[in-house]
Amino acid sequence: MKKIINGEVFEMTAEEISQREIEVQEWNSKSAERKLAQIKNIRLNKLKETDYLGLSDTTLSVAMSNYRQSLRDIPQNNTTEEQYDLILARDEDGQLTNEIWSKP
């Protein structure tokens, strides 16, 4: 393995390689946590988009109420990294494809 310092390439020592492998393993072990955080961020934005419907001068439809509840239930109903991958799936244009994100 190599490292770059001030534009120069150097060989890593065995100790540096070992430390780097630990860092990579730690990063990889937190993949599911990062995906869940991303899902929660998207979910928050989707809820914010429909918050105005909860104002006292509007009526929240049953379909919209169910949609908002399904967004809030994502963490409890999806607990594996494979499920997170499905929720975060995107098409070739970068649009989320999982039906959970589709407004009624």
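For the structure, check the block above.
Since this is a predicted model, take the numbers as computed values, not measurements.

Conventions adopted
Residues numbered from 1 in each chain as written. Predicted model: local features only at pLDDT ≥ 70, side-chain atom pairs only at ≥ 80, totals over all residues. Heavy atoms only, no water. Pairing = 2+ DSSP bridges. Helix = DSSP H or I, 4+ residues; strand = E, 2+ residues; numbered from the N terminus. Salt bridge = Lys/Arg side-chain N within 4 Å of Asp/Glu carboxyl O. Buried < 20%, exposed > 50% of the residue type's maximum accessible area, 1.4 Å probe, protein only. Core = buried A, V, L, I, M, F, W, Y, C linked by side-chain atoms within 4.5 Å. Contact = heavy atoms within 4.5 Å.

1. Digging into the pairing of strand E2 (residues 8-11)
Judged from the four bridges that link them, strand E1 (residues 2-5) and E2 form a sheet pairing that is antiparallel. Looking across to E2, one finds that Ile4 is bridged to Val9. What sits between E1 and E2 in their antiparallel hairpin is a turn of two residues, with Asn6 showing a positive phi close to 50°.

2. Some remarks on the pattern of salt bridges
Think of it this way: side chains of opposite charge can pair up when their charged atoms draw near. The tally for this structure, following the rule as stated, stands at eight salt bridges. In this structure, the salt-bridge partner of Lys3 is Glu16, at a minimum N-O distance of 2.5 Å. In this pair, Lys3 sits in strand E1 while Glu16 sits in helix H1 (residues 14-29), placing the two residues 13 residues apart along the sequence. Glu16 gets classed as partly exposed once you look at its relative accessible area, which sits at 26%. A salt bridge links Glu49 to Lys103, with the nearest nitrogen and oxygen atoms 3.3 Å apart. On the criterion of sequence distance, the pair formed by Glu49 in helix H2 (residues 31-50) and Lys103 in the segment after helix H5 (81-87) is long-range, its members being 54 residues apart.

3. Section: the nonpolar core
In a soluble, globular protein the nonpolar side chains are often hidden away together inside. Ile39, Leu71, Ile74, Ile87 and Trp101 are the most contacted members of the largest nonpolar core, which has 13 residues in total. If you list the elements that add at least two residues to this core, you get H2, helix H3 (62-72) and H5. When residues of this core are assigned to their parent elements, the largest contribution, four residues, is made by H2. Ignoring sequence-local partners within four residues, the contact set of Leu71 consists of Arg43, Lys46, Leu47, Ile100 and Trp101.

4. As for the environment of Glu23
Within the fold, Glu23 resides in helix H1. Looking at Glu23, the relative accessible area reads 37%, which means it is partly exposed.

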